[in-house]
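# Understanding the architecture of this molecule
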Amino acid sequence: LSFSLSSISSSFSKSYFRKSKLKKYLTAQRLRERMNYDPRTGHFTWIDGPRAGKRAGSLCKTTGYIILGIDGRTYRAHRCAWLWQYGVWPIDEIDHVNRVRDDNRFANLREATRAENNRNRGTAHLNQTGKKGVLFNRLTGLHSATIMCDGEVFDLGLHKTSAAAHAAYARASRILHGEFGCT
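Quick look at the structure, then.

About the thresholds
- Residues numbered from 1 in each chain as written.
- Predicted model: local features only at pLDDT ≥ 70, side-chain atom pairs only at ≥ 80, totals over all residues.
- Heavy atoms only, no water.
- Helix = DSSP H or I, 4+ residues; strand = E, 2+ residues; numbered from the N terminus.
- Contact = heavy atoms within 4.5 Å.
- Areas by Shrake-Rupley, 256 points an atom, 1.4 Å probe, with all protein chains shown as cover.
- Phe/Tyr/Trp six-rings, centres within 6.5 Å; stacked < 30°, edge-to-face > 60°.
- Buried < 20%, exposed > 50% of the residue type's maximum accessible area, 1.4 Å probe, protein only.
- Pairing = 2+ DSSP bridges.
- Axes fitted to C-alpha atoms, helices over the stretch in contact; angles between N-to-C directions.

### Concerning the overall build of the protein
Regarding its fold elements, the protein presents 6 helices and 10 strands. If you take every contact in the protein between residues at least 6 apart in sequence, the share linking residues at least 24 apart comes to 37%. Carbon and sulfur atoms provide 54% of the accessible area of the protein, an area that totals close to 12200 Å².

### Some details on the packing of aromatic side chains
For the structure shown, the criterion picks out 6 aromatic pairs. Measuring from ring centre to ring centre gives 6.0 Å for Tyr25 and Trp89, while their planes differ by 55°; the resulting arrangement is tilted. Note that Tyr25 is positioned in the loop between helix H2 (14–19) and helix H3 (28–34) and Trp89 in the loop between helix H4 (77–86) and strand S6 (93–96), a separation of 64 residues in sequence. For Trp89, a relative accessible area of 23% puts it in the partly exposed group. Both rings, one in Trp82 and one in Phe106, keep their centres 5.7 Å apart while their planes meet at 35°; by these two values the pair is tilted. One end of the pair, Trp82, is in helix H4; the other, Phe106, is in the loop between S6 and strand S7 (109–112), and 24 residues separate them in sequence. Summarising the burial analysis for this pair, Trp82 and Phe106 share the class buried. Members of the aromatic cluster, joined through ring pairs, are Tyr25, Tyr75 and Trp89.

### Looking at unusual backbone geometry
Despite not being glycine, Asp71 has its phi angle at roughly 55°, a positive value. Position of Asp71 relative to the elements: it lies in the loop between strand S4 (66–70) and strand S5 (73–76). Its identity as a non-glycine residue notwithstanding, Arg99 has a phi of 65°, on the positive side. Inspection of the secondary structure assignment puts Arg99 in the loop between S6 and S7.

### Quick word on the sheet that holds S4
Strand order across the open sheet formed by 3 strands is S3-S4-S5, with antiparallel pairing between neighbours. Edge positions in the sheet fall to strand S3 (58–59) and S5, since each of these pairs with one other strand and no more. Here S4 pairs with S5 via 4 bridges, running antiparallel. Each bridged residue has a counterpart across the sheet, and for Leu68 the counterpart in S5 is Tyr75. Strands S4 and S5 of the sheet are contacted by H4, whose axis makes an angle of about 85° with S5.

### Description of the environment of Trp84
If you trace the backbone, Trp84 turns up in helix H4. For Trp84, a relative accessible area of 15% corresponds to the buried category. Spatially, the C-alpha atoms of Trp84 and Tyr37 are 7.3 Å apart, while their sequence positions differ by 47 residues. Excluding anything up to four places from it in sequence, Trp84 contacts Leu31, Arg32, Met35, Asn36 and Tyr37.

Here it is, written out as structure tokens:
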């Protein structure tokens, strides 16, 4: 298969490349020039312009995160809080310890890998027992407990009650998931 770079680049205008992913990320200096951050409340406020002193950001109805618009680009407020405090963007993801996505108090934020962030989730909405890691087996009339860690599923046994199955899950979560374990 033969093609030339000029045939590919001619199909895209130069303005496409300027407007797309080549934008520079926000720096800590620029963020601090435009906004103040209160780590106790998790709120950003504008420093200058007609919105000076007013709270910045808006709640995204689809994700539940606070979104900040700065210099024509949008950012999630919890990631900006990390940038504000440490002066660098987080390497991976930012986890909300209490699982409330619009609670950006700095004490509620921690850096996490995708796997760690996924461990700090609540009960799935399809879960009929209401307890994380517990399923009811209609054939046996017992509750089974399972947990996943690093792509491997661990069977925690069959239990007579959902409370006993959930207790087995909670013990395993403390061991396997550590501080990111969520019961």
